[in-house]
Amino acid sequence: MVSMRPLRSVAALALCALLGASGGPAGNTRPAARLVELTLTAAPARLSLVAGGTTDVLAFNGQVPGPTLEFREGDHVVIHFRNQLPEPTTIHWHGLHIPSTSDGSPLYPVEPGATYDYVFDILPGAAGTYWYHPHPDHRSGYQIAKGLYGAIIIRAADDPLAGIPEKVLVLSDNRFTPGGEVDLPSPESPQGEIDEENGREGDVFFVNGKIMPTISIRSGEVQRWRIVNASAARVYRLALAGHEFVQVGTDGGLFEHPVPLHELVLANGERAELLVRATGAPGSRAVLQTLPYDRYAPQTRPADWNVPRDLLTLQYTDEAPVAPVTVPARLRAVHALDTTKVTARRFIVFSQGLINGRMMDMHRVDERARLGATEIWQIENVVGMDHPFHLHGFQFQVLDRNGVPEPFPAWKDMVNVRKHETVRFIVRFDDYAGKWMYHCHILDHEDHGMMGILEVTSTRR
Ligand code: C2O
Ligand code: CU
Ligand code: CU
């Protein structure tokens, strides 16, 4: 387990104040921030991932996935990171609105043997499901494939779904050599070239690092599933035979209203919160599957792309059904950002491997924005495969896809831009000047330069 020590002592609060985390202007009666301090170490390990042997992995605190980190809105977080890998790395806190120096972007590599303190506040309204993973220059795909990823849960004091039992489901897929090692072919090999084009996929499916685990449920019960797609490239289309889902949240937390659905499409990097109602009989079972989803260009579409895959078993207990809880019809307020305040529009074109015709350059700033600005970004995908877009540091609201308005505002940090699709979103750079990455979240594409840098500055240049 992670050493996570909520420190409540006077000394801890003093440290907290020293770090400027007590929050709010003088006279604010908000309680002092809770200091959450923990240590994460990235190091090589050998773990049993697939039956019949062990595998060379890279692990946070010796486990794959890394420990699930839980914070509360208002927390002041200090993470002492130790890099015991033989190569540079970082930890990126995917989706969190935090200072750029703590974002773990490739601009802040942590050298082998070095340490880095990630320091940030969890702001009000941040409650949701996030994740963390390395983000070093060119090596994110490799390090995540080897096991470096984990979930983050942020809780609100006034969670409307408090009391509903929860599960965290970190989805990933991987491919192994006959000897049981993570299969990472050389980029020049035929499979290496396909991986680079499609993004690397595997035929072994993991939920929280386990193959086909079992979740038990009592008939009538409602469970809240926080789902993270930690795969390098795979888009899941989740379905649970005989069951309907109720989606209650996405990347940046809860929706305003619950949305019933039969299937959930979740692109790599995205998260969703679902309510699962146990409408089956005591003793029955159901399998959570991912159904075929065609994100591929025809030339490199895998032959078995249209095969449904089993992810986990939902096993009903023999107990008599319980009366289902009522889910509130309104979860929280999600106010639409004001389009009349927009001061800039940006146009991002995704072609195969490139953004606006260019490859990532760490020494170039691609977009400059002013702190406080509200902007509309248009992401156009001009090629015949999906590219999921991700912006660091700021949650945005999708406005429309191919001109079709989104049904309601929701906070996102990822949006899958489908083949030949154009997506527009609105974003407000309310805080945290600095340099922020935006990129395709297919890790092979990101590593090969499908990334740009946004600089948010407090003065106009
Ligand atoms: Cu999930 Cu730039 O990352
Ligand atoms: Cu990110
Ligand atoms: Cu891409």
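If you're wondering where the values come from, they're calculated on a predicted model, not measured in any experiment.

Conventions we followed
Residues numbered from 1 in each chain as written. Chains lettered and ligands numbered in written order. Predicted model: local features only at pLDDT ≥ 70, side-chain atom pairs only at ≥ 80, totals over all residues. Heavy atoms only, no water. Donors = N, O, S within 2.8 Å, 3.2 Å for Na, K, Ca; no water. Helix = DSSP H or I, 4+ residues; strand = E, 2+ residues; numbered from the N terminus. Buried < 20%, exposed > 50% of the residue type's maximum accessible area, 1.4 Å probe, protein only. Contact = heavy atoms within 4.5 Å. Pairing = 2+ DSSP bridges. Axes fitted to C-alpha atoms, helices over the stretch in contact; angles between N-to-C directions.

Asker: An account of the coordination of the copper ion (ligand 2) is needed here, citing residue identities and associated values.
Answerer: For the copper ion (ligand 2), the full set of protein donor atoms is His92 (NE2) and His390 (NE2), and the range of their distances to it is 1.9 Å. With His92 in strand 6 (residues 92-94) and His390 in strand 25 (residues 387-391), this residue pair connects regions lying 298 residues apart in the sequence. You'll find His92 and His390 in the same group, each marked buried.

Asker: Tell me what's going on with the coordination of the copper ion (ligand 3), and back it up with residues and numbers.
Answerer: For a metal with four donors in a tetrahedral arrangement, the ideal angle between donors is 109.5 degrees, while six donors in an octahedron ideally sit at 90 or 180 degrees. Distances from the copper ion (ligand 3) to its protein donors, His387 (ND1), Cys440 (SG) and His445 (ND1), fall at 2.0 to 2.1 Å. One chain supplies every donor for the copper ion (ligand 3), spaced along it as H-x52-C-x4-H. Taken together, the residues span a long stretch of sequence, with His387 in strand 25 and His445 in helix 4 (residues 443-447) at a distance of 58 residues. Residue classification places His387 among the buried residues on the basis of a relative accessible area of 0%.

Asker: Give a description of the environment of Thr343 that names residues and reports values.
Answerer: Within the element layout of this structure, Thr343 appears in strand 21 (residues 342-351). When its relative accessible area of 53% is taken as the criterion, Thr343 is described as exposed. Here the alpha-carbon distance between Thr343 and Ala369, two residues 26 residues apart in the chain, equals 9.7 Å. Excluding its chain neighbours within four sequence positions, the residues that come into contact with Thr343 are Ala373 and Thr374.

Asker: Can you tell me about the sheet that holds strand 16 (residues 253-261), naming the residues and giving the values?
Answerer: Spatially, 11-10-13-18-15-16 is the arrangement adopted by the six strands of the open sheet, whose pairing is mixed. What marks the edges here is a single partner per strand, and that holds for strand 11 (204-207) and strand 16. Each strand axis lies, on average, 25 degrees off the axis of its neighbour in the sheet, ignoring direction. Relative to strand 18 (residues 271-277), strand 13 (residues 222-229) runs antiparallel, the two being bridged by seven bridges. Counted as the bridge partner of Trp225 is Leu274 from strand 18.

Asker: Explain the sheet that holds strand 4 (residues 69-72) residue by residue, including any values.
Answerer: Strand order in this open sheet of four strands is 4-9-8-6, and the pairing throughout is mixed. Of all strands in the sheet, those with a lone pairing partner are strand 4 and strand 6, marking the two edges. Between one strand axis and the next, the sheet turns by 25 degrees as a mean value, whatever way the strands run. Judged from the five bridges that link them, strand 8 (residues 128-133) and strand 9 (residues 150-155) form a sheet pairing that is antiparallel. Counted as the bridge partner of Thr129 is Ile153 from strand 9.

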